[in-house]
Amino acid sequence: MTTQAVRDKGAEQSKHELLTRRIVSYLVLAILCFLCLFFFYVLLINATRNHYQIQRGFSFLPGKSFTTNLKNVLADANIPILSGIKNSLLVAALSAALSIYFSALTASGVLNVILNLFFVAALHMSVDGVAIATVLSNAVSAAILWGFLLKTDKVIRLEPKKLRIDGLCLRQILRIGVPAGVQSAMFSIANIVIQGAINSLGTVVMAASSAAYNIEVITYDILNSFSQACTTFVGQNFGAGKIKRCKKTLLLCLLEGIISLGVAIALILFFGKSLLTIFNGDPQVVETGYIRLMLIMPSHLFSLCYEVLSGYLRGFEISLPPAVLTMLGVCGVRLSWLRWVFPQYKTFMNIMLVFPISLAATALLMLAAVLYFRPSRRYAHLQKSDGAASAKIEG
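Model, not experiment: these values are computed from the prediction.

A word on the overall build of the protein. Counting its regular elements, the protein contains 15 helices and 0 strands. Buried residues in the protein amount to 33% of all 395 residues. The contacts in the protein between residues at least 6 apart in sequence include a share of 71% that link residues at least 24 apart. When the accessible surface of the protein is summed, it comes to about 24000 Å², and 69% of that surface belongs to carbon and sulfur atoms.

Printed below as a string of structure tokens:
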């Protein structure tokens, strides 16, 4: 009887611990969901307000100018929405073609193209049709992954009934993931403010900046891939006790990234004006957009440096300092520039100068962080020889 009572008490305590973990997890997820959706809410609210109301500051309540704003956008020849949708369809089609070679989820990309054509061409929808197509294709992609994980016989097999939240793993994920997420969010916050300054310069500048941004994404994806690769391989080697390989990974990512990015930048700048005419044929828009390309494309080399360096630190579970330094280098410099420098010289060139300056400052801060922490030297004592590692695996 005593043994049974102890077992019942232990089972009851386990249930309480599980319930507590679930409640904490749900609260954390709810907070993260709010942070992700808040800026979309800001964009939707501002779409219903006029220029004067937006300048007065943010409001949680929608305005009454949505119809007027929509008519102005559709009537403005410098903002060709339908042309932009067609270009988006073209990009989606090319992305789907590439995914045939580089992705196991080809069905998602193909479906995205098909749905884009259906909603835009058949149902004559606009940006909302493209957005719905993207959401649906992502849902299908998630369903494919879910089904694969349920049916596979590999170690990654998913058994929903056995899903549990491990407190230690959750803390480690949040400790590394939340600062990394904040680091990415800093760009969105700073870019929203910069976009407001760009909008104040007129529709030609708005159209030119938007067209150039669609081209910039190409080089950003290149540099971001090397950052992700650096984090992944450094983390794997750090866990395996191969500290020397971590430093080698950093150097290879920087070298290969600079070469790949340099080639892409050279090609984009050479064909820059021709690429801009795909989005907008207005000569003034093309010339203004090329100004942005000339200033931002080379500065992506700074982005590569600090993205790879921050990925290197995150691989060693050093995640908070890169996020803080990004906040200072990206948000701090850009917001300060728009607060004190831009009002003195309200030109498009003046706004664009903040990109190379802020990215260079962030790269220097991240280099200083790597030199300060020196993770390869700090964890050198964890280095394992190949023989020792093999023996441990066999044992």
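A separate point is the packing of aromatic side chains. Evaluation of the coordinates by the stated rule reveals 6 aromatic pairs. Consider the rings of Tyr312 and Phe316, whose centres lie 5.3 Å apart with planes at 80 degrees: the pair is edge-to-face. Judged by its relative accessible area of 1%, Phe316 falls in the buried class. Grouping aromatic residues by their ring pairs yields a cluster made of Phe238, Tyr312, Phe316 and Tyr379. One residue, Lys273, lies across the ring of Tyr290, its end atom 5.3 Å from the ring centre.

Further remarks concern the nonpolar core. Counting residues in hydrophobic clusters, the biggest one holds 44 residues, and the most contacted among them are Leu276, Leu293, Val308, Tyr312 and Phe316. Only α7 (167-199), α8 (203-239), α9 (243-270), α10 (272-279), α11 (283-315), α12 (320-341) and α13 (348-373) provide two or more residues apiece to this core. With 10 residues, the top contributor of residues to this core is α11. Ignoring sequence-local partners within four residues, the contact set of Val308 consists of Phe226, Ser227, Cys230, Leu250, Cys253 and Leu254. Judged by nonpolar contacts, the second largest core, of 14 residues, contains Ile194, Leu295, Leu338 and Phe342.

Quick look at the confidence of the model for the protein now. Here the protein averages 80 in pLDDT, and 81% of its residues register 70 or above. Taken element by element, the predicted model of the protein shows its lowest mean pLDDT in helix α15 (residues 386-394) (44) and its highest in α13 (94). Every residue in residues 96-104 scores below 50 in pLDDT, and together they form 5 contacts with partners more than four places removed in sequence or on other chains. Note that residues 387-395 has pLDDT below 50 and, in this model, 2 contacts with residues that lie over four places away or in other chains.

This next bit is on the pattern of salt bridges. Taken as a whole, this structure holds 4 salt bridges when the rule is applied. A salt bridge links Glu216 to Arg292; the shortest N-O distance between them is 2.4 Å. With Glu216 in helix α8 and Arg292 in helix α11, this pair connects stretches of sequence that are 76 residues apart. Residue classification places Arg292 among the buried residues on the basis of a relative accessible area of 6%.

Glancing now at the environment of Leu320. Note on placement: Leu320 falls in helix α12. A residue is classified by how much of its surface remains accessible, and Leu320, at 55% relative accessible area, is exposed. With 142 residues separating them along the chain, Leu320 and Val178 place their C-alpha atoms 8.5 Å apart.

A word on the side chain of Ser209. Positionally, Ser209 belongs in helix α8. Exposure remark for Ser209: the relative accessible area of 1% places this residue in the buried category. Once residues lying within four places of it in the same chain are set aside, the contact partners of Ser209 are Ile198, Arg292 and Phe348.

A surface patch of nonpolar side chains, amounting to about 840 Å² of accessible area, comprises Tyr26, Leu29, Ile31, Leu32, Phe34, Leu35, Val178, Val182 and Met327. Counting only elements with at least two residues in the nonpolar patch, the list comes to α1 (2-46) and α7. Per element, the largest residue contribution to the nonpolar patch is 6 residues, and it comes from α1. Summarising the element assignment, Leu32 is placed in helix α1. The class for Leu32 is partly exposed, based on a relative accessible area of 31%.

With that out of the way, let us pick up the packing of α8 against α9. Between α8 and α9, the shortest axis-to-axis distance is 9 Å and the interhelical angle comes to 170 degrees. In terms of orientation, α8 lies roughly antiparallel with respect to α9. Of the residues belonging to the contact of α8 with α9, the class tally is 18 nonpolar, 5 polar and 2 charged.

Along α10, the residues that are buried comprise Gly272, Leu276 and Phe279. Seen from one end, α10 has its buried residues packed into an arc of 45 degrees, which puts them on one side.

In this section: the packing of α8 against α10. In the contact formed by α8 and α10, the axes pass within 9 Å of each other and the chain directions differ by 115 degrees. Where α8 crosses over α10, the handedness of that crossing is right-handed. Contacts between α8 and α10 involve Ala211, Ala212, Asn214 and Ile215 from the first element and Leu275, Leu276 and Phe279 from the second. Taken together, the residues of the contact of α8 with α10 sort by class into 6 nonpolar, 1 polar and no charged.

Definitions and limits used
- Residues numbered from 1 in each chain as written.
- Predicted model: local features only at pLDDT ≥ 70, side-chain atom pairs only at ≥ 80, totals over all residues.
- Heavy atoms only, no water.
- Helix = DSSP H or I, 4+ residues; strand = E, 2+ residues; numbered from the N terminus.
- Buried < 20%, exposed > 50% of the residue type's maximum accessible area, 1.4 Å probe, protein only.
- Contact = heavy atoms within 4.5 Å.
- Areas by Shrake-Rupley, 256 points an atom, 1.4 Å probe, with all protein chains shown as cover.
- Phe/Tyr/Trp six-rings, centres within 6.5 Å; stacked < 30°, edge-to-face > 60°.
- Lys NZ or Arg CZ within 6 Å of the ring centre and 35° of its normal.
- Core = buried A, V, L, I, M, F, W, Y, C linked by side-chain atoms within 4.5 Å.
- pLDDT = per-residue confidence, 0-100.
- Salt bridge = Lys/Arg side-chain N within 4 Å of Asp/Glu carboxyl O.
- Patch = residues over 30% accessible without salt bridge, like charges linked within 9 Å, V, L, I, M, F, W, Y side chains within 5 Å.
- Axes fitted to C-alpha atoms, helices over the stretch in contact; angles between N-to-C directions.
- Parallel < 35°, antiparallel > 145°, perpendicular 65-115°, else oblique.
- Nonpolar A, V, L, I, M, F, W, Y, C, P; charged D, E, K, R; others polar.
- Arc of directions from axis to C-beta.
- Left-handed = near helix turned anticlockwise from the far one by under 90°.

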